[in-house]
Number of protein chains: 2
Amino acid sequence: MKPTRATVALIQMSCTENPKENIEKVCALIREAAQKGGQIIVLQELYQSLYFCDVEDYKRFSLAEPIPGPSTEYLSELAAELEIVIVASLFEKRAEGLYHNTAVVLDADGKLAGKYRKMHIPDDPGYFEKFYFTPGDLGYQAISTRYGKIGVLVCWDQWYPEAARLTALKGVDMLVYPTAIGWHNSQSEEVNDEQYQAWYTIQRSHAVANGVPVISVNRIGEEGEMKFWGQSFVTNAFGKTLNKASVDQQEILLQELDYSESDSFRTHWPFLRDRRIDSYAPLTKRFIDDDTQT
Amino acid sequence: MKPTRATVALIQMSCTENPKENIEKVCALIREAAQKGGQIIVLQELYQSLYFCDVEDYKRFSLAEPIPGPSTEYLSELAAELEIVIVASLFEKRAEGLYHNTAVVLDADGKLAGKYRKMHIPDDPGYFEKFYFTPGDLGYQAISTRYGKIGVLVCWDQWYPEAARLTALKGVDMLVYPTAIGWHNSQSEEVNDEQYQAWYTIQRSHAVANGVPVISVNRIGEEGEMKFWGQSFVTNAFGKTLNKASVDQQEILLQELDYSESDSFRTHWPFLRDRRIDSYAPLTKRFIDDDTQT
């Protein structure tokens, strides 16, 4: 039977350069989140390490692992033991010289319910992801679990209305964004605020446009010249913030979601009803150069 | 030569049931806006009448007019005299029994630079637009004028990331939304705020996603059981609010826009660079029912 509600738990934390420490920390936090009633536990992007894409360094490929592999193994054991769903972001080694930024979903019986390979890969100073990650080739995913159908996207995907829409159209109960975004030390408070507001705004807009809750989990802590801005949050299916974490504290954010709200918001604000699908084909174009006018 | 900046003027006002009064008011406000330096004057949705779609009444079709017609005539004269661009929302009678919700753009020499027929048509209690308006068949428009290339969309379009994206991909300098949205008298303050925030959020998100300023012009005033919520606003090309009007006062909101900011935001936040156009074809589907997973 399709679940109608669930409690999500967002784990926002800092990381060290020692993966073992990060894994021990996250496992303790997952246990605590489950004990507090969390049923779907969402981890931040690449939680097992520092955000290693700040430089292009061949050695860092050694952080990657196969999927399934050691991480899905310990996550699977935890998921089965605690009867929870876990959404986790991993550095996937798919083959020699072929790496992805991949999110996995473990179901409450410990099985790997599905995986998503980050489709949109950034490349900016301090975020050299195109060096490490091949863009995803699995498309957008709706992953069925005991506690709901999960649409998982990763970080840079959060800026793309197309990714949110395509995932929502697969009938998910929520959109989930593991993420790692921060401010460079050199920036002014004004620029910091503008960037944060843009990030917060566009993700809430995906809830509004699609009538689904949005869950975004961001890391905290200073790493080199970057301060990750935390502020993980959950919205309802109309973009209203239900719960939000601090800028710099480790937190487990718990929020119950009532999936029936999607139908209520979507009938009162029937955006899906009125999409002009006959006119959307040019969304597959890079740019529309034709300057002729009617 | 392509203009690099311009001052937009948003005219937010109440309307009466007498079109002549509304036209006199708007003409006076257009003159005032031009005198204050406005170069691109944007009017709210269907500014010549009360928001007549609150009921389904055949008599109200008599409010419509051809385009070009009487309204484009007086707007054209004003535009040429004052050397301003005007964006105006009209009720178009295209043929017997064929009506549209259409925005026109008059260039600063008085010529009709282009028109856009509202693509997404709502139908909700109090907003019976599907009764009056045939959905637009001109697609999304980039309308070149003396003061910039204008992407105009209308009201319900504002909830659709697809409409914003398709218009932005045509190389516009700004997205403009004439609109008419309000709160029903029966609603609580909490619901009012949630609705307003959703509206404000999704429009700012179009600026973020597309790297263009967004201009939204909403009516004020109480009409029957509806209170239009005003709060017309302008954002920069990263979704930051530059100027915003009140909930219930008549206002001319002036804001200078520097079009070069689009390139700056789009290179610092290169969302257009990384769109996965190879994966967007299913955006033309109503829903993606296939439940198979990888």
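See above for the structure.
Owing to the predicted nature of the structure, the values given are computational and were not obtained by experimental measurement.

### Concerning the overall build of chain A
Looking only at helices and strands, chain A features 6 helices and 15 strands. Its C-alpha atoms give chain A a radius of gyration of 19 Å, within 12% of the compact-globule value 19 Å for 294 residues. Taken along its principal axes, the extent of the C-alpha atoms in chain A is 60 × 45 × 40 Å. For chain A, the residues scored as buried account for 62% of the 294 residues in total. Within chain A, residue pairs in contact and separated by at least 24 positions form 68% of the contacts whose partners lie at least 6 positions apart. Accessible surface for chain A amounts to roughly 10800 Å². Of this, 50% is attributable to carbon and sulfur atoms. Averaging the locations of the 30 positively and 42 negatively charged side chains of chain A gives two centres separated by 6 Å.

### Description of the interface of chain A and chain B
Across the boundary between the two partners, chain A contributes 66 residues, which contact 66 residues of chain B. Roughly 6400 Å² is buried in total at the junction of chain A and chain B, and carbon and sulfur atoms are behind 56% of that figure. Remark: the boundary between chain A and chain B carries 8 salt bridges. Between B:Glu190 and A:Lys240 there is a salt bridge; the shortest N-O distance is 3.1 Å. Counting the contacts that link chain A with chain B gives 33 residue pairs in polar contact (both at pLDDT 80 or more). The element that contributes the greatest number of residues to the side of chain A that touches chain B is helix α5 (residues 189–210) of chain A, accounting for 10 residues.

### Here's the deal with the nonpolar core
What tends to happen in soluble globular proteins is that the nonpolar side chains get buried as a cluster. Counting 158 residues, the largest nonpolar core has A:Ile40, A:Trp159, A:Ile215, B:Ile40, B:Trp159 and B:Ile215 as its most contacted members. Apart from residues no more than four positions distant in its own chain, A:Ile215 is found in contact with A:Val8, A:Leu10, A:Val42, A:Met174, A:Leu175, A:Val176, A:Tyr177, A:Phe233, A:Val234 and A:Leu257.

### A closer look at the sheet that holds strand β15 (residues 251–258) of chain A
All names here are of chain A. Taken together, the 6 strands give an open sheet; going across it, the order is β5-β4-β3-β2-β1-β15, and neighbouring strands pair in mixed fashion. Taken across any chain shown, the strands that pair with only one partner, and hence form the sheet edges, are β5 (112–117) and β15. The sheet shows a mean angle of 30° between the axes of neighbouring strands, taken without regard to direction. Contacts from helix α1 (residues 19–35) reach β1 (5–12), β2 (40–43), β3 (85–95) and β15, with the element oriented near 150° to β2. Packed on one face of the sheet, helix α2 (residues 70–82) meets β2, β3, β4 (98–106) and β5 and runs near 165° to β3.

### Focus on unusual backbone geometry
Residues and elements named next belong to chain A. Here Ile-67 and Pro-68 are connected by a cis peptide whose omega angle stands at 0°. Within the secondary structure, Pro-68 is located in the loop between β2 and α2. With phi around 50°, Leu-46 is a residue other than glycine that occupies positive phi space. Within the element layout of this structure, Leu-46 appears in the loop between β2 and α2. Positive phi is not limited to glycine here, since Cys-155 has a value of about 40°. For Cys-155, the location among the structural elements is in the loop between β7 (148–152) and α4 (161–168). Residue classification places Cys-155 among the buried positions, given a relative accessible area of 7%.

### Observations regarding the pattern of salt bridges
On inspection of all chains with the given rule, the structure shows 46 salt bridges over all chains. We note a salt bridge from A:Arg5 to A:Asp258, for which the minimum N-O separation is 3.4 Å. With A:Arg5 in strand β1 and A:Asp258 in strand β15, the pair connects residues that are 253 residues apart, well separated along the chain. Using a relative accessible area of 41% as the deciding quantity, one classes A:Arg5 as partly exposed. Since its relative accessible area comes to 24%, A:Asp258 is described here as partly exposed. Here B:Glu256 ties to B:Arg5 by a salt bridge, and the two come within 3.2 Å at their closest N and O atoms. Highlighted residues: B:Glu256 in strand β15 (residues 251–258) and B:Arg5 in strand β1 (residues 5–12), separated in sequence by 251 residues. A network of salt bridges, in which partner residues are shared, links A:Glu92, A:Arg94, A:Arg117 and A:Asp137.

### Topic: the packing of aromatic side chains
Centre-to-centre distance and the angle between the planes together describe a pair of aromatic rings. A full pass over the atoms with the stated rule returns 62 aromatic pairs over all chains. With centroids separated by 6.5 Å and ring planes inclined at 65°, the aromatic side chains of A:Trp156 and A:Tyr160 adopt a geometry described as edge-to-face. Side by side, A:Trp156 and A:Tyr160 carry an identical accessibility label, which is buried. On the basis of an interplanar angle of 65° and a centroid distance of 6.0 Å, the ring pair of B:Tyr51 and B:Phe228 is categorised as edge-to-face. With B:Tyr51 in the loop between β2 (40–43) and α2 (70–82) and B:Phe228 in strand β12 (residues 226–229), this residue pair connects regions lying 177 residues apart in the sequence. Residue B:Tyr51 shares its accessibility class with B:Phe228, and that shared class is buried. Here a set of aromatic residues connected by ring pairs shows up, and it is made of A:Phe52, A:Tyr58, A:Phe61, A:Phe91, A:Tyr99, A:Phe131, A:Tyr132 and A:Phe133. The aromatic ring of A:Tyr200 is capped on one face by A:Lys244, whose charged end is 4.3 Å from the ring centroid.

### Comments concerning helix α5 (residues 189–210) of chain B
Relative to the 32 Å expected for 22 residues at 1.5 Å per residue, α5(B) spans 32 Å between its end C-alpha atoms, a close match to the ideal helical length. Backbone geometry just after α5(B) places B:Gly211 at a positive phi near 65°.

### With respect to the sheet that holds β2(B)
All names here are of chain B. Strand order in the open sheet formed by 6 strands is β5-β4-β3-β2-β1-β15, with mixed pairing between adjacent strands. This sheet does not close on itself; its edge strands, each paired only once, are β5 (112–117) and β15. Neighbour-to-neighbour, the strand axes of the sheet open up by a mean angle of 30°, direction not taken into account. Two strands pair when backbone bridges link them, and β1 and β15 are joined in this way by 8 bridges, in the antiparallel orientation. When the sheet's bridge partners are listed, Arg-5 is paired in β15 with Asp-258.

What counts and what doesn't
Residues numbered from 1 in each chain as written. Chains lettered and ligands numbered in written order. Predicted model: local features only at pLDDT ≥ 70, side-chain atom pairs only at ≥ 80, totals over all residues. Heavy atoms only, no water. Helix = DSSP H or I, 4+ residues; strand = E, 2+ residues; numbered from the N terminus. Rg over C-alpha atoms; globule rule 2.2 N^0.38 Å. Buried < 20%, exposed > 50% of the residue type's maximum accessible area, 1.4 Å probe, protein only. Contact = heavy atoms within 4.5 Å. Areas by Shrake-Rupley, 256 points an atom, 1.4 Å probe, with all protein chains shown as cover. Lys, Arg positive; Asp, Glu negative; His and termini not counted. Charge placed at Lys NZ, Arg CZ, Asp CG, Glu CD. Buried area = accessible area lost by both parts, 1.4 Å probe. Salt bridge = Lys/Arg side-chain N within 4 Å of Asp/Glu carboxyl O. Polar contact = N/O pair within 3.5 Å; in protein donor to acceptor, adjacent residues only side chain to side chain. Core = buried A, V, L, I, M, F, W, Y, C linked by side-chain atoms within 4.5 Å. Pairing = 2+ DSSP bridges. Axes fitted to C-alpha atoms, helices over the stretch in contact; angles between N-to-C directions. Phe/Tyr/Trp six-rings, centres within 6.5 Å; stacked < 30°, edge-to-face > 60°. Lys NZ or Arg CZ within 6 Å of the ring centre and 35° of its normal. Expected span 1.5 Å × (residues − 1).

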